[in-house]
Every structure is written in structure tokens, then in C-alpha cells.
Amino acid sequence: MNQATHIAERYLAAWNEREPAARRAHVVQVFAPDASYLDPIMRGSGVDGIDAMIGAAQQQFPGCRFALHGTPSGHNDVVRFSWSLAAEAAPDAVLAVGTDFATVDAQGRLVRVTGFLDAA
């Protein structure tokens, strides 16, 4: 498994974790303390802001999960990966697909993530 795939899988695990304390633990492991996230419909900064943002997104899409879409890639301190969002009960009925670009620190934690919605 390459580093970009490992980073993307950890990132999506944070987005998919529904239990608040476990999600927070994922966010602390995946994101640098001063990380930022920005996409067309939401933004968050720092561990507290990103954790709250993910919790709000989960409330907006109950019963849905993110999955890798395609193969992540990266170079230097940047990774790129695409994801899909679908209901757990119907994973083939995709609600949205997007691509995220992230800068990582020396520990592999996300410092800045910029997301794009590819299809909804």
C-alpha cells in the first residue's frame, strides 16, 4: 500500500466514524493541530473545527459512508484522492463523488485539505 492510499483511508475513516469520541480520536490522528479544510459547502480549522464540521456533515447525510473512488496519488507533501458518498444500505447508489487535495506534514498528518465536488 502506498503512502497516499494510507493517508486517504485514514481520512475517510475519520469521516465515517459515527461515535463522537472515536471520531475525535481519528481527527486527532489524521489532522495536524492547526489543520484547515475547505470545500464548496463547508470549512473548518483546527481539530475542534474539523471534528465539528464532520459531525455536522454526518447529521446532514445519516446512514451514508464515504469510500475511495479510484487510486490515490501523491508526490512530495501533497496527496490527491477521490471519494464517493452512498447510503450504507445501497453502496452502488452513489449520491456524490469528489476529489480532495491535501498537504501533509512530516508525520503524514493533513495540514490543509481542499475539496471539490465532482458530481452530485
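Rules and cut-offs
- Residues numbered from 1 in each chain as written.
- Predicted model: local features only at pLDDT ≥ 70, side-chain atom pairs only at ≥ 80, totals over all residues.
- Heavy atoms only, no water.
- Helix = DSSP H or I, 4+ residues; strand = E, 2+ residues; numbered from the N terminus.
- Buried < 20%, exposed > 50% of the residue type's maximum accessible area, 1.4 Å probe, protein only.
- Contact = heavy atoms within 4.5 Å.
- Pairing = 2+ DSSP bridges.
- Expected span 1.5 Å × (residues − 1).
- 1 Å grid on protein atoms, 1.4 Å probe; cavity = no way out; pocket = protein on both sides within 12 Å on 5 of 7 lines; lining within 4 Å.
- Points joined across faces, edges and corners; volume = space filled by probe spheres on them.
- Nonpolar A, V, L, I, M, F, W, Y, C, P; charged D, E, K, R; others polar.

A. Structural detail: the side chain of Ser-84. The residue Ser-84 is located in strand 5 (residues 78-87) in this model. Given a relative accessible area of 10%, Ser-84 falls into the buried group. Residues within four places of Ser-84 in sequence aside, it is in contact with Arg-65, Phe-66, Ala-67, His-69, Val-94, Ala-96 and Val-97.

B. Highlighting the pairing of strand 6 (residues 94-104). Here 9 bridges tie strand 5 to strand 6, and the two strands are oriented antiparallel to one another. Among the inter-strand pairings, Trp-83 is bridged to a residue of strand 6, identified as Gly-98. Here strand 5 hands over to strand 6 after 6 residues, the two strands then running antiparallel side by side. The pairing of strand 6 with strand 7 (residues 110-119) spans 8 bridges and is classified as antiparallel. Residue pairing for strand 7: Thr-103 is matched across the bridge by Arg-112. The antiparallel pairing of strand 6 with strand 7 creates a hairpin that spans 5 residues between the two strands, and Gly-108 there sits at a positive phi of about 80°.

C. Looking closely at helix 3 (residues 46-60). Here helix 3 contains 15 residues, and its C-alpha end-to-end distance of 21 Å stays within 8% of the 21 Å for a straight helix at 1.5 Å per residue. All of the buried residues in helix 3 are Gly-46, Val-47, Ile-50, Asp-51, Met-53, Ile-54, Gly-55, Ala-57 and Gln-58. The inward-facing, buried residues of helix 3 abut helix 1 (3-16), helix 2 (20-30), strand 1 (31-38) and strand 2 (43-45).

D. Looking closely at the layout of surface pockets. Within this model, the largest pocket holds a volume of roughly 370 Å³. Put simply, the parts of the chain that give the lining of the largest pocket at least two residues each are helix 1, helix 3, strand 3 (64-68), strand 5, strand 6 and strand 7. Residue composition of the lining of the largest pocket, grouped by class: 19 nonpolar, 2 polar and 3 charged.

By themselves, these are just geometric observations and shouldn't be taken as functional.
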